[in-house]
Amino acid sequence: TQLLEQSPQFLSIQEGENLTVYCNSSSVFSSLQWYRQEPGEGPVLLVTVVTGGEVKKLKRLTFQFGDARKDSSLHITAAQPGDTGLYLCAGVSGGYNKLIFGAGTRLAVHP
Amino acid sequence: EAQVTQNPRYLITVTGKKLTVTCSQNMNHEYMSWYRQDPGLGLRQIYYSMNVEVTDKGDVPEGYKVSRKEKRNFPLILESPSPNQTSLYFCASSLSIRWGQTNSPLHFGNGTRLTVT
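Throughout what follows, the structure given in this document is the object of discussion. (Residues numbered from 1 in each chain as written. Chains lettered and ligands numbered in written order. Predicted model: local features only at pLDDT ≥ 70, side-chain atom pairs only at ≥ 80, totals over all residues. Heavy atoms only, no water.)

## A closer look at the interface of chain A and chain B
Each partner contributes to the interface: chain A provides 21 residues, whereas chain B provides 20 residues. At the boundary of chain A with chain B, the tally comes to zero salt bridges. Linking chain A to chain B there are three residue pairs in polar contact (both at pLDDT 80 or more). It is strand S4 (residues 31-37) of chain A that contributes the most residues to the side of chain A that touches chain B, four residues altogether. (Contact = heavy atoms within 4.5 Å. Salt bridge = Lys/Arg side-chain N within 4 Å of Asp/Glu carboxyl O. Polar contact = N/O pair within 3.5 Å; in protein donor to acceptor, adjacent residues only side chain to side chain. Helix = DSSP H or I, 4+ residues; strand = E, 2+ residues; numbered from the N terminus.)

## Let's talk about the nonpolar core
Formed by 21 residues in total, the largest nonpolar core has its most connected members in Leu19, Leu32, Trp34, Phe63, Leu74, Ile76 and Leu107 of chain A. Where this core is concerned, the elements lending two or more residues are strand S3 (19-24), S4, strand S5 (44-49), strand S7 (61-65), strand S8 (71-76), strand S9 (85-93) and strand S11 (105-110) of chain A. Aside from chain neighbours lying at most four places away, what touches leucine 74 of chain A is Leu19, Thr20, Val21, Trp34, Leu61, Thr62, Phe63 and Tyr87 of chain A. Formed by 19 residues, the second largest nonpolar core is a distinct cluster that contains Cys23, Ile46, Tyr47 and Val116 of chain B. (Core = buried A, V, L, I, M, F, W, Y, C linked by side-chain atoms within 4.5 Å. Buried < 20%, exposed > 50% of the residue type's maximum accessible area, 1.4 Å probe, protein only.)

## A short note on the layout of surface pockets
The volume enclosed by the largest pocket comes to roughly 580 Å³. Lining the largest pocket are 30 residues, with Leu86 and Arg106 of chain A together with Gln37, Leu88 and Arg113 of chain B sitting closest to its centre. Looking at the lining of the largest pocket, the elements with two or more residues in it are S9 and S11 of chain A together with strand S4 (31-38), strand S9 (87-94) and strand S11 (112-116) of chain B. Taken together, the residues of the lining of the largest pocket break down into 10 nonpolar, 14 polar and six charged. (1 Å grid on protein atoms, 1.4 Å probe; cavity = no way out; pocket = protein on both sides within 12 Å on 5 of 7 lines; lining within 4 Å. Points joined across faces, edges and corners; volume = space filled by probe spheres on them. Nonpolar A, V, L, I, M, F, W, Y, C, P; charged D, E, K, R; others polar.)

## Things to note about the packing of aromatic side chains
Within this structure, the stated rule accounts for nine aromatic pairs over all chains. Each ring, one from tyrosine 35 of chain A and one from phenylalanine 101 of chain A, has its centre 5.6 Å from the other, and the planes form 50 degrees; the classification is tilted. In this pair, tyrosine 35 of chain A sits in strand S4 while phenylalanine 101 of chain A sits in strand S10 (residues 98-101), placing the two residues 66 residues apart along the sequence. Judged by relative accessible area, tyrosine 35 of chain A falls into the buried class, the value being 0%. Residues phenylalanine 101 of chain A and phenylalanine 108 of chain B carry aromatic rings whose centres are separated by 6.2 Å and whose planes lie at 75 degrees to one another, so their mutual orientation is edge-to-face. (Phe/Tyr/Trp six-rings, centres within 6.5 Å; stacked < 30°, edge-to-face > 60°.)

In structure tokens, the structure reads:
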């Protein structure tokens, strides 16, 4: 069974701080996605990383896919209250064309 | 506006009373899927459909049924709901299952919060 573990589960920080959340597995994924979910809404795709070692930037968010394609990280610079939400990673299992979701990191950014 | 629409948003029912949660997408997507989201467990797939009249079990299909008679609709049916089906449910759709391609993201509805007493 392929599992994706996200850490930390919860993160509460002040506006302006930097943070990193992690998504780890013992399995290899053909690609990995990050979603953000706000209260009362469904997850929304932020980015897809495909190549081992790939780094993608989305304004203050930096996403990295591990060289071995087993892990990923999301770094937020100078967090803002608008970044508050649940961040989910999802691995694409190439053998089964299936998306496997982690349990998420719940981020709260306080003004 | 391109969207996935679920109804109802909130539902409180009693054990054993059949219910249906509707899901409709207006993007002509072939792939549709149902997930349940529980604290600490993330999103778990219940059923999915690759196209009209093609459905398959996900990771937690017990106690659920689905149908795909039209491309746009994918209802989730609970024939005899039980308290352990209390959860937040999401319907999602995508153009294809090639999620590694950036032009094929998974689009989610806004969820249905179900409580079974």
